[in-house]
Structure formats: C-alpha cells, structure tokens
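One letter stands for each residue in the lines below.
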Amino acid sequence: MKLGDGMVKVEKDLVGGREFFAIVVFMISTKATDMTATTIFDITLNASWMVIIGSFLFILPAFLALNFLLKKFQDKHLLEISRAAFGKWITFIIGFILFSILLLNTSFETRSYTDQLMTMNFPKTPTFILYLLFLLICLGGAKKGWESIGSVAWMVFPYVTIALTLLVFLLTKDNVVNRMFPIFGPGKWEIAKASFKYISIYGDGLVIAMMYPFVKSHKTYTKSLYGALIYSVMIMALLYLSYALLFDYQSVGKITYPFNEAIRFVSIGKVITNIETFFLTFWLLVVIVKFSVYIYLVSKVFGYVFHIEEFEHTLIPITILILLIGLMPENQVENIFVLRNQIMTYGKYLMLFLPLLLLIVIKLKEVVKG
Amino acid sequence: MRFFVILIAVCMLTGCWDRKELEQMSYATAIGLDIPEGVDLKEKQAIDVTFQFSNPKLNIKGATGQGEKGEKSIITLTAPDFITAKNMANSFVTRQISFSHAKTIVVSEELAKSDMFFRFIGSALKEREVRRETSIIVSEGKASEFIRKNKPEMMIRPHKYYQFIIDRSIETGLVPEATINRLFAVTDGDADLFLAISGSVSEKKEGSSFKEEDQYIAGSVPKEGGNPVQLIGSAVFKEGKMIGKLTGEETRVSLLLDNTSRIEDMFVSFTDPVEKNYKIAIRVKKKTATDINVKLRKGPPKINVKVPLEIELLSVPSMVDYGGDMKKQMILKKWIAKEIEKNMIALVEKTQKVFKSEPFYWSLAVRPLFSTTKEYEEWDWTNKNYPYADINIDVQVDIIGFGKQLKESEMEKVKD
Amino acid sequence: MKSHFFKNSKRFKFETSKEIFDIENDSKTDAFSGDIAKDEEVLKKLYLFPQNIDFKVRSLTIPIMRKKGVIFYIPSLTDITMVDEHIIKPLLTDGDQSTNEVANIISASAFNEEKNLKKAIKELNTGNTLLLIDGEPLCYVINTSTAAGRSVEKPQNETTLFGPKEAFVERADINISLIHKKIRSEDFTVEKMVIGERSHNEVFIIYNKELAGEKVLNEVKARIGAVQKDAVQNLSLLIQHIEDRKASLFPTILLTERPDRAASFFEDGHVIVVMNNSPFAMVAPATFWAFYHSADDHYLRFIYGNFTRFLRMAAMFITLFTPSIYIAITNYHIEMLPPDLLLAIAGAREMVPFPAILELLMMELAFELIREAGIRVPTPIGPTIGIVGALILGQAAVEANVVSPIVVIVVALTGLSSFAISDVNLNYAIRIARFGFLLAASVFGIFGMVGIFLSGLFYLTTIKSFGVPYFAPLTPKYKSSDDTLFRRILTNERLRPAFVKTKDLTKKPIKNE
C-alpha cells in the first residue's frame, strides 16, 4: 500500500479519490458541450446518445486491460509499463506519438473552445487575445500542479453538478420525448461505426493513467476512474438526448454549438429568461480545469519521453507551442471537422490497442520466463 | 505586471472589443418583416424591416413617456436582409441596435406566403442575438402597420405587451405556441404543418356577424375600443411557406389533438343539450396526453385518436340542473363529446383535403413505429400517408366540477 | 480596535512554564558576590539609581535572621501593597524563634532563588521583587509583578448571541487563565519563549500535550524561535513574522479575541499562542474554514447555526461578486437582464457621464474611504457617521447624475454584506479581492471573472498553514467532522480534524461543549 509511506507523502502530490473523480469527469463529460457533439450529430442524428454508450463499450476492454496492468506494476504509469514491456526504444516512439497526439489534440480543442466562446459571447474580441488569455489561465492552473488541479476540480464539482441538474431539469420542459424516435436514427450499423470512430472520446481516461502513481491507492484509482467514466457516460448520453429532444434530429445536426443553443433556450418561468451566462460560468469553470489537466499531461508525457525530471519547467514552452499550433487553423470547420477528426481517427487505434498489446506482451514475457 | 496594469487601464477607459455600455444600445422588442413595394422577390433580394424600440426614457422622472411621440421609436427601412438592416438603420438611429430582447417577429402574410420567408428567418439564426424562443406572428396586412397601429391598453411598454398577450393567448389556446425553434424542428422534420400566431389590425367595430366565441380569425372579433391589434387563430405553414389559416376554434382543436401543446385556461361555449336555445360555458382541460395510435397496414394507415378531456361547468343560463341530475349529466357528457368530436373530425378532414398534412405533430406518434430515420423518411408520412389515412377520433369527457355553485335556481319558482 | 501600549511589560512565572533560554555563556561572572554592598552598588549603577525614579531600593535589617538585607523593585510594575504586606512587614517583625530560612519568613506565595545576576535583573524588569541578604551569594525573587490594565470585557469584533461574553485582555496571565478555566485538565500545557533581543518579549505557547500535533507544535516553536528582531511587541506583529506567506492576500493564522473559541481550537489539537499586550490569541494552523466560521455557529442550534453559515456564505458571495457581476452583465451580457430591469438601468444611466466601471470604482472607493474613516474616528459613533455620510453622499451623487441609483444599490449591498464576514483578516482579503474581480469583469465580462476566480482558487489550494492545506478537510480530504461550509449535528461531530495530526482522532461524546 502506498498509503503506508506515512502522512507526509499523502500531502504531497497524491490526490484523493474525489479529486481524481472530478478531474476525469471534467475531462470527458465536457465533450457533450463542444464541437464533438456537432460532429457526432452530423452522422448519427437522434441516436447520438447511443454512440456515447457504444463507444464506451468498445473501449472498455482497453480500460480493463490497463487497469489490470497498473495494479500489477503498482507504482508505474502508462509509459513506464510500456517500457517494462517493450523496452526503451519502442517506448520512446510510443511516447512520442502519444505526446504528438496530445499536443495536437490540446491545441485544436483549446482553439475550438475559444472559438465557441467567441462566437457565442465575444464576437468582436480578436481570437489571439482571447486564446492567449484562455491559455494563460489554464497554464496558471497547470503550474500549480496536479494536487492543486484536483482540489480545484473537486471544489467546483458540486456547484457544476447543481447547475447541470438545473439545466437538464429546465430542458425537460421543452423536450418532446417522441423526438427520440426512430430509435436507431440512421441505423444500427451506422451507430456501431460511429461508436467505433469516436472511441477517443474516452481516450482521456487512458491517458490519465500517466498520473497513476499520483493517486492515493490502486483502489481509489479504480473506483474513481470507473465511477467517473460511468458518470460521464450518463451525463453525456443525457445531454445528447436532451439536444435531440429539444431541436429534433434534422435540426440538431445543423447547429454549430448545441450546448450553447440549449442554454440559450431554457428559462426559469417567464420572467427569468436568457440565463445562458449563468450556465456559461460553470461551463468555463469546467473547461479551464479541463485544459489545465491537458496541458499538464502534455508536459508530463513530454518530460517522460525526453527524460526531463522537472517537467514543470516545460509547461510554459509547451503552452506557447499549443498557442502557435492552435492559431493555425483558419476556422472552426477546418479545425474540428478536418484536423481534429484526423487525430481522433488515428489516435483511437493507439488508445484501443496499446493497453491490449501491453497486456499480451507482458503475459508472453511471463510465460517465457516461466 | 506593469503591462497588465496598462492593459487594464486602457481597456477600461477605451472600452475593449465587446464591451458596450447598455445605454449605448437600442433594444428592438419587435421586428417586422414585409415585402418592399414594387420589388419582385424573385429578381432581387430585399426586405422591409420594421424595428420597434423600447424607450428607456420611460423610466426617467419627469421625462415624457411614449405618448404621442411613440412613433419615433418605430422605424421601417428596406435592406437586403434583416441582419444588415441593423447597421443600415444606424444612418438615422443613434445607437447600436440589439436583438437581444426581441421576442417577437411579425411577418406579413404576403411575405409568409413567399419562398423568401424561410430563407430570411433561417439565415437570421446565424446571428447570435437572434434567439430560438422568439415568437412568430403572421399579420394579415403589413407587418409595419401591425406594429405601428399597436396601441396597447394602459400604455404598457411594447415588450410587456408582446410578452403578456402571447403568453395569455397561448394559455387560452386561441393561438398556438410558435417559436422559431418549433418552426425549424417542424419544417426540417418535413412531416407536419407549423402553426404561427395569426394577428391582424382591425378598426372595424363589427368585424363580421356574431359567432361562437372562438370561431373568429384575427381581425374579425367584434369589439369596441381597445387595441386595434388582435391575435386569434393561426397561420398554417407547410415546408416553410404559409398555405392557409385556422380560426381560433380550429386552433384550439388542433392544440387539443397535439401532445406538445400547453393549454391551461380554455373557455368554450356549447349549445345546451336540454334547452337548445341557450348556451352553456365550460372550461376544457386535457386530462392526460392525447393517445394517438397509428396502425400500419397495406395502403393508408389507420389512426385511432383518444382525447381524454376534463370539463368544468361554468355557467348554465338555461338553469338546467346538471349538478343534481345524473341522467342530465350523462346527456351533457355525450353531447359535449359529440360536439368536440364533430369539430375535430371537421378539422382533420380539412387538413387532409386542403392542407394535405396535419398541424398536430402526429408524426411524433408515427416515429416509434420505425427503427431508422431512413425507413421513416421513405414511408413519408405527410405526402403518402396522412392525407389518405383512416382517422377515428374518440373524445372522452369527465365532468370534474360545477363551479362554486352546485345547483341552479329554479326559474319557475323565482318568477312566482 | 484600541489598545493601550504598556511599554514595560510585566512578567509572571507560571508553574508549568520553563525557560527556553537556559544557557547563558557568562553565567559565572554574573553571579552574586554575597557582599550586599557590592551587589547593591552594581544594581544601582545598572538602573542609574538616583536619576531613575522608577527604581526603588529599600535597605533593612532582618531581626529574626540578624542580617542586613536589601529589597529592589520597580514601582510601576510592582504591586506595592504586596511588597509592604508580604515582604517588608514579615521581615521586620521580630518573631519568637530565630530562623535562617527566608522561605519561612516571607508570606508571598511565589518565590524562588536566583544565583545569576542577569537573570535576576530580567525578573526585576518584569516587576518582581529582589531580596538580597548579606552573606548569601544569591537573591530571592518574589513574585510581586502587576501592571495597569483593563479588566476582562466583552468581545468587540466577534460578538455572539449565545456565547460567553468575555474577551481576551492585554495580560497574558489573564488570557491563559481565561482559556484554562474552560479546560480543567492536566494536559493543559503552557510553554514560555522569549523573543526580541532587546525588549525580551514573552510568548506563551499553549497546547494540549495529549492532543496537539507534534509537527505543528514544533513548527510553531521553531518559527517563533527564529524571529530575529529587537522587539516584537505583540501578537499582531509576531504573526507577521511567522506566517507562511507574508505577502499573501489571504491570512493563514487566526487571531481570535474569544477565549471560548481559542479553547475549542485547543480541544481540537491546535496550538494557541498568547502574548502580553495583545487582547488576542493566535491559533495555528488555521484553514480557510476557521476564518469563515464564527463562534455562534456552534452555540446556535443546528438549523439556526447553519442558517447563519448560509447567510455568511451569501454575504461573501455578494461582497466578492456583486459589483463585478453588475459590470459583466451590463457591459457584456445584456441579454441576461429582464427587459424591465434593462430599461430601468439604461434609463438611469442615460444622464450619467461616466462608464459604468468608473462609476462603480468611484463609489466603491468612496465606501471604503468612509469605512476606513469610520474606524479612525475616535468616538463610538464613528461608524454611524460613516453610514450617514455614505447615505448622503450616495443620495447627492444620484441627484447630481454623477452615478446611477443602481450603482448605489450595488455598492450599498456589497458594503452591507461585507460586514457579515466576521473575521477581520478575511474581511480585508475579500474586500480587496473584489476589486480584482471588478477589473477582470470590466475587461472580459464573465470570462474574466471566471479566470480570476479560478486563478485565485488554484492559488489558494497551494497555500498551507503550518503544513496544513488551506481548504482541508474539504480538499484534500482528511478525516474530520466535516465542519466546513455547513456543520453537522453536534452529536455527530465525533472526530477531531485529522489535518492537525492530532494524536487522538475521536472525541469522546461527552467531553466537549
């Protein structure tokens, strides 16, 4: 047990179950509020909520395999396990690919969120300024370290949950349940294909295994991770369903930001209308925490790949890199539909097969050794 | 650090990017859309946009309110579309025009009947200030006239007028709930008819001869005094284009058949089944959701509709004792059910024959029968099935109350 | 807060306390000679005897012992009647039997021998009386110290409805006894440390030897021991020497003027520090919640207590965010306002020459000035004058169309709410932080506010008070009674907070409160 090392260690850099839970929920469930929703609705219409569940089922084996390995190796994170399995050079390549995927993904996603914020709320502010500011805040969070991010995530979590519950509750007022049908939307095969395509929605849950040594114990890690995954799946499925019920399937694919349109639509009674800024506040809280974790993870992977012990020093250069890459795409469509979709398409194989491959190699090694 | 201080100071004093003091804006409460005179929409894209602004001066002590100068806060101009009209208007309106509080779009019938209507509204949704919960009113005459002639009683502010009258009319069921969101959901769904609020300006004392309370269309309600603008009935849109009108009564019936509507306070009068020269007034409420059962079969489908209603007796001028007499209650129940059924069947037939589609959002009831959107779209509810469907309507009436007086006075005894 | 500053603090000896600075390099050279005339001369010289009127020497012959003796004392710090009644009188009385034991003659209670001249002088400086007897190479230190001071009064800042109505005073012994009388236990330990190279200020560290966390206690002692300063007059100054982050906006050490609050922290295993001249006790470690809570939360019944907690939370929220929300909404997110309110604000602002942010900053600054002035006005009606001033100022500003009435409402609401935050330090922190939010809101609306808020939160989670995270036990989680935003029913508060590393985590149900 890692706890046995004494109280001193608990205070430093190890996060508890609640904090870890909040981090994973924030990382994953925000994908119901961004352009991911738009791309999924584009293909699977009113059955998009099933894609969320389907993708999760597809990637579940990878989670189980990875969790098994983590338990076996106790103090090692994802790449360290890979090193034990594949050796130094292959791990370097895997690590580098992982780093590239994370870097590009973080860049395009931060840009996408900035655009989202800009289109809906700050149409006249220059992209660069807003983007810079946004990244600066996230960088500030990342700089404070893993434990601090966890604490903040947990502290805002209850309020975010309250806001989300309120949103879902208010949405039910305008939801038309029968818009859910025809139940399979474009067809079962289409859903299965889309589910496979969007596996990388849950990629964050695998990448977070980089932080495995910094969670209190294996039990808390497993419990929080699976709890967070199930919770995220539920939230996302619920939100996707709500969008479909609110806008109907032919319209929902045409909306750029279903989340923002949904929060614009709801009202409390007849007098308190236009409460989108209220929800926006909580959304921003979550998003900033989310990207703090992303930036931290990119640096962490970078630090491991290039043997930089104090990887916190790479946070600033990496954020600058993210800013530069993020500024490249001309607009949202290019950013999300072309670039990020590419990453999602190729990234998913890594997410899916790396844990399974690791498991097989390690089992084989065991067999060879006797 | 110093950089930030300077940045903040500069931003604060100059106003950066999106910052705008709220008195630097004019808030449009209603937007009117018309076809400009002498312009053929097929050749040139142009639109007459009318803005009605809220007047914040109403709030300043001593300043004159809207009064006679109210006209100044309504402007009309011709522009390629109504988003660019925002900027064009600034050639004579001093402040930036904001749509953030515009909850109503008034469209003239003429425009609504053209192809351009859906294009204008559709493209407007790209603008972030245009909100999906905005209501659509179709006015019989010009939209600009509708807005100009609108003189609400008690001089309330325009946004209050639109908010109150639309909310109230929806409650009474005389007009449908017609938001842009519903317009898009229904039109994109391509299976049902969209009902917009129908409005009209009428200065006439007597619109037409007296009818039952809800059999009017907008503009024909006989009245004296008050606001010349009336909202009653609905405009029917098919595929984004207006194709007809429903009276208040038809609107109510269609709302009763529609499960997505919310009627709360619907007073209806019926001929007294016992004393036929009198009328009784009742309040009608939906008991539970209307049950729409679609049976697929070869050829057109069979649709069984069950409408469970609750009614409350409000006035019985004939003094027939319905409260005390169970037999008469049964007669009343059957009579009302029959009357409502009659209305419903008439409306359904009208929609089948005239509109060739339905405004009740029944496509929702059809959807669960299909597992994929492709099958559903190929089956084509609105074009191939509904107009020929065999529709059976069954109204079930429960009398839940007799107002606060159970029995009527006996007229004979009173006369003695 | 008004305090009398006694430049010459008095000292006192507590049974359990121990001198920390026992080691004196030149102890031998400073020993008493035994020759009374010589020693008397040394002392007189040291105190510049004839000119210095605040030093008294009384020579006498003790009939019982048949010896000469000298008494030294400092009249301003000494209880003269005690010197007369319990020292001089018994010494001069001719008893029946002769004795050589001073202890058998003097009737004062606290009394000990001191061979070292320097230490004896320290004792003399605290107001104790020195007795030298011819032929004995030592002096007797008799505890006679007393100093002018006020008696125990009602608390001024931390008032409660149901709590005890006594507050700490400027005398450490009284303060210690105020705490001690609430905890009648042999585990109550008081240690004394002396800091200040010149003024020799005494610091009393109070802790429960069975409960207090070893680490925290050692940390407190080490930090106090490390203070390098000629004089540290009182706790308010000491805190600034030993706190974790000296430039931080948020306080990490709690000052309380309520003995009952100090006692309850003591029971939870915290370390209390008391000093002379400070009507406060210092509590370490202190988390955010310690500042947020007030004594009444627990004295009131469960629901009422939590209601006040809720109000305080709302007050904090309003103080921190109302002005910035006003700016963010009116400048960036206009659609949020209901049309009527929008028109009301727009109408009111029609005549106002300044942008809303300037208007608000002006009024906030004016309010802060009035508040500051209110504290400095030397009469109890100061605050009243301040409020009246604020009202008149606001009214006139609105009449003159300098500010809009809604801004006055916002500022008044903010100011009013800020009074509900009872802790002075936290109060300042929040009042200052709100200007940050205000500026952020004026530059980037709600986005700016969220940015500042999260940056602040990230920062706060890294703060530690004596090794304890600032938001413990909320996050990171520690075993505790979860007394954070709201409290539990008293009988369910069974655990001491684990973050102080107390030795005994569970409270015996009956033992407390």
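Residues numbered from 1 in each chain as written. Chains lettered and ligands numbered in written order. Predicted model: local features only at pLDDT ≥ 70, side-chain atom pairs only at ≥ 80, totals over all residues. Heavy atoms only, no water.

Q: Could you give an account of unusual backbone geometry, naming the residues involved and the relevant values?
A: Cis rather than trans, the peptide bond between Ala284(C) and Pro285(C) has omega equal to -10°. Note on placement: Pro285(C) falls in the loop between strand S10 (281-284) and helix H8 (288-292). Note that the residue after Ala472(C), namely Pro473(C), is joined by a cis bond; omega there is 0°. One non-glycine residue, Asp190(B), adopts positive backbone phi at about 55°. Along the polypeptide, Asp190(B) turns up in the loop between helix H7 (180-189) and strand S7 (194-201). Exposure remark for Asp190(B): the relative accessible area of 40% places this residue in the partly exposed category. A positive phi is found at Tyr361(B), a non-glycine position, where the angle reads about 60°. Here Tyr361(B) is to be found in the loop between helix H9 (326-355) and helix H10 (363-366). (Helix = DSSP H or I, 4+ residues; strand = E, 2+ residues; numbered from the N terminus. Buried < 20%, exposed > 50% of the residue type's maximum accessible area, 1.4 Å probe, protein only.)

Q: Which residues make up the confidence of the model for chain B, and what values go with them?
A: Mean pLDDT over chain B works out to 79, with 82% of the residues at or above the 70 mark. Low pLDDT, under 50, characterises residues 62-71 of chain B; the predicted model gives this stretch 10 contacts beyond four residues in sequence or across chains. (pLDDT = per-residue confidence, 0-100. Contact = heavy atoms within 4.5 Å.)

Q: So, the interface of chain C and chain A: which residues are in play, and what are the values?
A: With 29 residues of chain C in contact, the opposing surface of chain A contributes 38 residues. Buried area between chain C and chain A, both sides added, is near 3,000 Å², and the carbon and sulfur share of it is 72%. Broken down residue by residue, the surface that chain C buries against chain A is led by Phe444(C), Phe447(C) and Phe458(C), which jointly contribute 25%. Where chain C meets chain A, there are 0 salt bridges. In this assembly, chain C and chain A are joined by 6 residue pairs in polar contact (both at pLDDT 80 or more). In terms of residue count, the dominant contributor to the side of chain C that touches chain A is helix H15 (residues 424-462) of chain C (13 residues). (Buried area = accessible area lost by both parts, 1.4 Å probe. Salt bridge = Lys/Arg side-chain N within 4 Å of Asp/Glu carboxyl O. Polar contact = N/O pair within 3.5 Å; in protein donor to acceptor, adjacent residues only side chain to side chain.)

Q: Go over the pattern of salt bridges with me, naming the residues and quoting the values.
A: Applying the stated criterion to the full structure yields 53 salt bridges over all chains. Put simply, Lys221(C) and Glu191(C) hold a salt bridge, and the shortest N to O gap is 3.1 Å. Taken as a pair, Lys221(C) in helix H5 (residues 214-225) and Glu191(C) in strand S6 (residues 188-195) lie far apart in primary sequence, 30 residues in all. A salt bridge links Lys192(C) to Glu202(C); the nearest nitrogen and oxygen atoms lie 2.8 Å apart. Here the residue Lys192(C) occupies a position in strand S6, and Glu202(C) occupies one in strand S7 (residues 201-208), the gap between them amounting to 10 residues. The burial state of Lys192(C) is the same as that of Glu202(C); both residues are buried. Overlapping salt bridges bring together Arg19(B), Glu21(B), Glu23(B), Arg349(C) and Glu359(C) as one network.

Q: Lay out the interface of chain B and chain A in plain terms, naming residues and giving numbers.
A: With 33 residues of chain B at the interface, the matching set in chain A holds 38 residues. Summing the contributions of chain B and of chain A, the shared interface buries around 3,100 Å²; its carbon and sulfur component is 47%. When residues of chain B are sorted by the area they lose upon contact with chain A, Trp17(B), Arg128(B) and Arg367(B) head the list and together hold 21% of the total. Our enumeration of links across chain B and chain A arrives at 4 salt bridges. Close ionic contact of Asp248(A) with Arg367(B) constitutes a salt bridge, the shortest N to O distance being 2.6 Å. Seen at the junction of chain B and chain A, the total is 20 residue pairs in polar contact (both at pLDDT 80 or more). Secondary-structure elements contributing two or more residues to the side of chain B that touches chain A are helix H6 (158-172), H7, H10 and helix H11 (373-379) of chain B. No other element matches the 5 residues that H7(B) contributes to the side of chain B that touches chain A. Class assignment for the residues of the side of chain B that touches chain A results in 10 nonpolar, 9 polar and 14 charged. (Nonpolar A, V, L, I, M, F, W, Y, C, P; charged D, E, K, R; others polar.)

Q: Quick rundown of the environment of Asn112(C)? Include the residues and the values.
A: Residues and elements named next belong to chain C. By secondary structure assignment, the location of Asn112 is in strand S3 (residues 111-114). The exposure class of Asn112 is partly exposed, given its relative accessible area of 33%. Beyond its immediate sequence surroundings of up to four residues, Asn112 is in contact with Cys139, Tyr140 and Val141.

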